[in-house]
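What follows is the residue order along each chain.
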Amino acid sequence: MHTRIKRPHDGSSATAVVLFGTRDDPNVPFSTPNATFCNKLWMMFFENGIVDSDIWDACLTDNDKTLFTAKLFPVYSNAADSEICDILWFANGNTDKTLKNVKKYLLLSRVSLKDILMNTDVASEFAFRHEVTICLAIREIRSVLFEGGHGSLTQIFARGVSENFANRLLGTLDTMAMECDDDRWDPGTAARILANIADLLGCMAANEGGLRSGPAANKDWSDAFGILETGELGSIRKGVVALREQRRNWMHSPQHLVRAARHYDGAAQILVRNAVSIANKFVAVISGGTLPSIGEWVICECPARVDLFGGWTDTPPICYELGGSVVNASILLDGKRPIGAKVRRTATFDILLISDDGCQLCIKQLNDLLDYNQPSAPGALVKACLLCTNIVKLSLGKTLAEQLQDRFGSGFEIHTWSNLPRGSGLGTSSILAGAILASLWFAFGMNVDRLSIIHAVRCIRSFAHARLFWN
């Protein structure tokens with residue numbers, strides 16, 4: 001190990017390289033038959049041409065010549081110049097290089113354990129070991145977050161708080177999040193990093209300041225959120241900088257730290273949605289097909305799904321952090337597919353939604369679609385499907401009736417149903433989204449394969465700001 005000492009003659013700082021065995025007794029005279037250095041008998045050390053006067057002061061008696069008083073350990077003015085091999089040669093045993101190493105060793109300035117204990121630079125040693133602790137913590141953080149490690153960082157964060165280097169860790173995490181925008185746009189990893197910043201801020205609050213779960217809608221954070229929402233190249237770096245600048249105003253009390261942590265959790269969710277939206281690149285929809293006749297139904301019916309193993313491990317951000325695999329099976333209810341949707345063209349230029357409970361909603365204006373991201377709103381899932389697939393566009397500059405007339409020459413009637421209990425855990429919402437998408441695309445004269453529907457469902461869940469999972 002390396003130990004910082006002060007040289008006795010001038011008080012300058014130096015580094016001693018110390019090595020000894022776990023079974024060595026530092027107070028036993030070397031002449032004792034079983035006395036050892038590096039767990040080897042002293043006689044083996046002297047076989048290399050070294051004599052006792054090379055390592056002990058002449059004024060010492062044989063009984064005082066112990067491991068504790070032996071000047072064995074090389075000293076260097078600069079820690080960077082130290083070489084463990086200068087003393088490791090003996091522990092490694094005799095080799096062809098031993099004689100050369102011994103000659104170099106005898107020319108080095110050396111100290112004993114007694115000298116080290118008397119001249120240890122305590123302040124410098126503690127500062128050095130503190131810096132080593134920080135560097136190891138940072139290395140572990142980078143390994144876990146950048147190399148797909150599965151370790152928890154909670155203990156590192158807790159140590160950073162207790163040993164007063166939490167701000168260094170915050171700076172490291174900021175830098176790492178920005179690196180996700182340098183070589184490749186990686187919102188998934190960036191989301192995990194922001195979530196860990198939230199955890200660190202929570203540790204800094206020391207279990208005070210209220211619950212971590214809660215709103216993340218303070219207007220002071222809206223600019224940073226807006227930058228991240230764009231999902232553009234460079235938005236992660238700019239967003240992280242904006243978050244950091246705002247965070248500085250929220251560090252002075254546990255209550256503010258917890259609220260800052262909530263907003264970092266919110267920022268992470270934005271990046272998760274951005275990561276999921278990448279699935280849209282894999283949606284291949286081919287237009288130019290034949291439109292069904294007015295009144296002709298396009299029907300899609302689906303089985304439910306039961307998880308046998310690994311449920312929710314494929315849920316962002318879990319799947320970005322740890323990977324995930326699910327074993328599941330399709331099931332029927334009373335021998336029938338319990339989830340479905342059907343669509344037909346109508347002569348009126350509007351969209352009629354009918355759910356399985358008989359509720360009807362007629363969409364006549366684009367404003368009727370604006371609550372697509374409110375799960376409790378009537379027809380929210382169908383509205384999200386219409387918008388996310390660009391079947392209807394809010395910013396086209398045309399009314400809903402004009403868009404339907406220009407593109408399809410008709411309106412549409414959409415029925416949806418599920419014969420499963422609400423909250424059954426059998427994949428109803430995502431499977432229903434797939435059924436809606438499939439029936440819509442074919443009713444609009446478009447061709448699409450199953451893999452594209454799977455990717456599109458993921459985009460729908462992200463687009464609607466709902467919980468994200470594959471089914």
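Counting of residues starts from 1 at the beginning of each chain's written sequence and follows it residue by residue. Where local features are concerned, this predicted model is filtered to residues with pLDDT of at least 70; where side-chain atom pairs are given and counted, the filter is 80 or more; whole-chain, interface and lining totals use all residues. Hydrogens and waters are ignored; side-chain quantities use all the structure's heavy atoms.

Asker: Can you explain the overall build of the protein chain? Please cite residues and give values.
Answerer: Per the secondary structure count, the protein chain includes 16 helices and 15 strands. Every radius of gyration here is taken over C-alpha atoms, with the globule rule written as 2.2 Å times N^0.38, N being the number of residues. By the compact-globule yardstick of 23 Å for 471 residues, the protein chain is too spread out, its C-alpha radius of gyration being 35 Å. In terms of overall dimensions, the protein chain has a C-alpha envelope of 115 × 50 × 35 Å along the principal axes. Three labels apply to residues, based on accessible area from a 1.4 Å probe with only protein chains included: buried if under 20% of the type maximum, exposed if over 50%, partly exposed otherwise in between. Within the protein chain, the fraction of its 471 residues that count as buried is 45%. Whether two residues are in contact is decided by their heavy atoms, any of which lying within 4.5 Å being enough. Pairs at least 24 apart in sequence give 72% of the contacts found in the protein chain among residues at least 6 apart. Methods summary: accessible areas were calculated by the Shrake-Rupley approach with a probe of 1.4 Å, and residue burial reflects only the protein chains presented. For the protein chain, the exposed area adds up to about 24,300 Å²; of that, 53% sits on carbon and sulfur atoms. In summary, the charge assignment counts Lys and Arg as positive and Asp and Glu as negative, without counting His or the chain termini. Just so you know, the charge point we use is NZ for Lys, CZ for Arg, CG for Asp and CD for Glu. For the protein chain, the centre of its 47 positive side-chain charges and the centre of its 49 negative side-chain charges are spaced 4 Å apart. The helix and strand labels rest on DSSP assignments: H or I over at least four residues marks a helix, E over at least two residues marks a strand, and numbering proceeds from the N terminus.

Asker: I'd like a rundown of the sheet that holds strand β5 (residues 73-76), residues and numbers included.
Answerer: The strands making up a sheet associate through backbone hydrogen bonding, with each pair oriented either parallel or antiparallel. Here, strands pair whenever DSSP counts at least two bridges between them. Reading across the sheet, the 4 strands line up as β1-β2-β5-β6 and stay open at both edges, with antiparallel pairing between neighbours. The open sheet has two edge strands, β1 (2-6) and β6 (110-111), and neither has a second partner.

Asker: Quick rundown of the sheet that holds strand β12 (residues 351-354)? Include the residues and the values.
Answerer: Spatially, 5 strands are ordered β8-β11-β14-β12-β13 in an open sheet, and the strand pairing comes out mixed. Each edge of the open sheet carries a strand with a single partner, namely β8 (298-302) and β13 (360-363). The mean inter-strand angle of the sheet, taken between neighbouring strand axes irrespective of direction, is 15 degrees. With 5 bridges joining them, β8 and strand β11 (residues 339-346) adopt antiparallel strand pairing. Bridge pairing in β11 places C302 opposite I339. Axis lines are fitted through C-alpha atoms, for helices just across the contact stretch, and the angle between N-to-C directions can take any value from 0 to 180 degrees. Lying on the sheet, helix α15 (residues 428-443) is in contact with β8, β11 and β14 (411-418); it crosses β11 at an angle near 25 degrees.

Asker: Can you explain the nonpolar core? Please cite residues and give values.
Answerer: The biggest cluster of nonpolar side chains holds 47 residues, and the ones touching the most others in it are I141, L169, L173, L194 and L243. In this structure, L194 is in contact with A177, L228, V240, L243, Y264, A267, A268 and L271, ignoring residues within four places of it in sequence. In this structure, V392, L426, F444 and A456 belong to the second largest nonpolar core, which totals 45 residues. Nonpolar cores are built from buried Ala, Val, Leu, Ile, Met, Phe, Trp, Tyr and Cys residues. Side-chain atoms within 4.5 Å join them into one set.

Asker: Tell me about a nonpolar patch on the surface, and name the residues and values.
Answerer: On the surface, L41, M43 and M44 cluster together to form a nonpolar patch covering roughly 260 Å² of accessible area. Following the sequence through the fold, L41 ends up in strand β4 (residues 40-41). Exposure above 30% relative accessible area and the absence of a salt bridge qualify a residue for a patch, where like charges join within 9 Å and nonpolar side chains (Val, Leu, Ile, Met, Phe, Trp, Tyr) within 5 Å. Salt bridges are defined as contacts in which a side-chain nitrogen from Lys or Arg sits within 4 Å of a carboxyl oxygen from Asp or Glu.

Asker: An account of the environment of A341 is needed here, citing residue identities and associated values.
Answerer: Looking at the element boundaries, A341 is found in strand β11. Separated by 294 residues in the primary sequence, A341 and E47 have C-alpha atoms spaced 89 Å apart. Not counting chain neighbours up to four residues away, the residues in contact with A341 comprise V298, I299, C300, H415, T416, W417, A435, I436 and S439.

Asker: I'd love a proper account of the pairing of β5, names of residues and values included.
Answerer: Of the two faces of β5, both are covered, the one formed by F73 and V75 as well as the one formed by P74 and Y76. The pairing of strand β2 (residues 13-17) with β5 spans 2 bridges and is classified as antiparallel. Within the sheet, the bridge partner assigned to T15 lies in β5 and is Y76. Pairing analysis gives 2 bridges linking β5 to β6, with the strands arranged antiparallel. What sits directly across from F73, in β6, is V111.

Asker: Got a sec to walk through the packing of aromatic side chains? Specific residues and values, please.
Answerer: To describe a pair of aromatic rings, one takes the distance between the centres and the angle between the planes. Each Phe, Tyr or Trp ring, with Trp reduced to its six-membered ring, pairs with another whose centre is within 6.5 Å; inter-plane angles below 30 degrees give stacked pairs, above 60 give edge-to-face pairs, and intermediate values give tilted ones. Tallied over the entire structure, the rule returns 15 aromatic pairs. Considering the side-chain rings of F30 and W42, the 6.5 Å spacing of their centres and the 80 degrees angle between planes classify their relative orientation as edge-to-face. Of this pair, F30 sits in the loop between β2 and β3 (36-37) while W42 sits in helix α1 (residues 42-46), and the two are 12 residues apart along the sequence. Taken as a pair, F30 and W42 share a single burial class, namely buried.

Asker: So what's going on with unusual backbone geometry? Which residues, and what values?
Answerer: Residues other than glycine seldom take positive phi values, yet A206 does so here, at roughly 55 degrees. Within the fold, A206 resides in the loop between α8 (187-204) and α9 (222-229).

Asker: Got a sec to walk through the confidence of the model for the protein chain? Specific residues and values, please.
Answerer: Per-residue confidence for the protein chain averages 87 on the pLDDT scale, and 93% of its residues sit at or above 70. Note: pLDDT gives the predictor's confidence per residue, expressed from 0 to 100. Of the regions scoring below 50 in pLDDT, residues 466-471 engages in 21 contacts with residues more than four places distant in sequence or in other chains.

Asker: An account of the packing of helix α7 (residues 166-179) against α8 is requested, with residue identities and associated values reported.
Answerer: Between α7 and α8, whose axes approach to 9 Å, the crossing angle comes to 165 degrees. As judged from the angle between their axes, α7 and α8 are roughly antiparallel. Considering only the axes of α7 and α8, their crossing is left-handed. Residues A166, N167, L169, L170, L173, D174, M176 and A177 of α7 lie in contact with α8, whose contacting residues are A190, I193, L194, N196, I197, L200, L201 and M204. In what follows, roughly perpendicular refers to angles from 65 to 115 degrees, roughly parallel to angles under 35, roughly antiparallel to angles over 145, and oblique to any angle outside these ranges. A crossing counts as left-handed when the near helix is turned anticlockwise from the far one by less than a right angle, and as right-handed when that turn is clockwise.

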